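Observations on the three-dimensional arrangement
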Amino acid sequence: MKKNRNLYVQKFMRRIHSFLLAGSVNMFKYTYSALASFTFMALTCINIGDQSVWKYDAKISCFSSWQYVYVVIAVVHIIPFPVLFYIGSKSLENKLISPVQFAGGCLIPLPFLCHGIIHICYRKIHDRFSKLLKAKKKAKSVGKNPGQSREKSLLRDKSESRIPIAEPSQKESDTIYNKDHHVMLYTLPSPYKAGELTSYWDSVIIIRRLLISALFLVSVESFIKFALITVLCIAFLVNRAIYFPFKNVETNRAETLSLFFLTFCGIINLLKSERYTV
């Protein structure tokens, strides 16, 4: 009875843990736009005379001590987050990383991204050197005794063809990735179609929010600002017209309509800013 009770408690805690991981990833994804806007707002400065001050309070000089905290947040989290989300979701689907690693990467993207790039480069260099070493050993063995080495290779090929390759069982994969992996995969790409371009549409949405938030807070002339925003909105609308990432047709139409109205508002603001500049 005690064993069954402990088993049920472990299953319950595992389920809570898996849903907490998936919820934390969704929280980072949906709060990214607000965090990026707030960070860029904290770093926006303007020039008044010879002095550079914060845009929202002229009493505060630009690049005060508290603003360096937001510089670190922008470098460590805001800028590398879209790249990590794309690479991480792809690696999670291919079972190259665990859900805990993916959630940790969403919290602090830059260290995990650097670690991933170093690991990928190391693996590629290691595989290339191992192939070269194998080729050299094979060439040496063929050069010493070509007839005998050929017979050995033929016997090895026959033996390898007879021996069946043992595939990993379902229990082994469950022990490695367990239900965290299943819940994370179900939560992330569930609204999207299967495919290379549509499975990672979350990264496209995150990049879209980052660029529009950054352009809205840049201290340039209003005409240049709204011109860039309008060009970006048109590019997003064209990209959206080419790809239909969602499974539901109504969701595809709703996103297309929202991007159309966003482009329309950008064109109106561009015409207004041109009238005021003239």
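None of the values given here were measured: they were computed from a predicted structure.

Overview of the pairing of strand β2 (residues 51–54)
Here is the key point about a regular strand: its side chains alternate between the two faces of the sheet. Bridge count between strand β1 (residues 45–48) and β2: 4 bridges; the pairing is antiparallel. Looking at the pairing, N47 lines up with S52 of β2. Here β2 pairs with strand β3 (residues 57–61) via 2 bridges, running antiparallel. Of the residues in β3, the one forming a bridge with V53 is S61. Where β2 folds back onto β3 in an antiparallel hairpin, the turn is made up of 2 residues.

A look at the packing of helix α9 (residues 201–216) against helix α10 (residues 222–242)
For the pair α9 and α10, interaxial distance at closest approach is 9 Å and the crossing angle is 170°. Classified by the angle their axes make, α9 and α10 are roughly antiparallel. In this structure, the crossing between α9 and α10 has a hand that is left-handed. Taken together, the residues of α10 that come into contact with α9 (itself represented by W201, V204, R208, L211, I212, L215 and F216) are K225, F226, L228, I229, L232, F236, N239 and R240. Grouping the amino acids of the contact of α9 with α10 by side-chain chemistry returns 11 nonpolar, 1 polar and 3 charged.

Thoughts on the packing of aromatic side chains
A complete count under the given rule lists 9 aromatic pairs for this structure. The structure contains a cluster of three or more aromatic residues connected by ring pairs, namely F38, W54, Y56, W66 and Y70. The ring of F236 has R208 lying over it, and the distance from NZ or CZ to the ring centre is 5.6 Å.

Considerations on the sheet that holds β1
With antiparallel pairing, 3 strands are arranged side by side in an open sheet as β1-β2-β3. Two strands in the sheet have a free side with no partner beyond their single neighbour: β1 and β3. Sheet twist, expressed as the average angle between the axes of neighbouring strands with direction ignored, equals 55°.

Quick notes on the rules
- Residues numbered from 1 in each chain as written.
- Predicted model: local features only at pLDDT ≥ 70, side-chain atom pairs only at ≥ 80, totals over all residues.
- Heavy atoms only, no water.
- Pairing = 2+ DSSP bridges.
- Helix = DSSP H or I, 4+ residues; strand = E, 2+ residues; numbered from the N terminus.
- Axes fitted to C-alpha atoms, helices over the stretch in contact; angles between N-to-C directions.
- Parallel < 35°, antiparallel > 145°, perpendicular 65-115°, else oblique.
- Left-handed = near helix turned anticlockwise from the far one by under 90°.
- Contact = heavy atoms within 4.5 Å.
- Nonpolar A, V, L, I, M, F, W, Y, C, P; charged D, E, K, R; others polar.
- Phe/Tyr/Trp six-rings, centres within 6.5 Å; stacked < 30°, edge-to-face > 60°.
- Lys NZ or Arg CZ within 6 Å of the ring centre and 35° of its normal.

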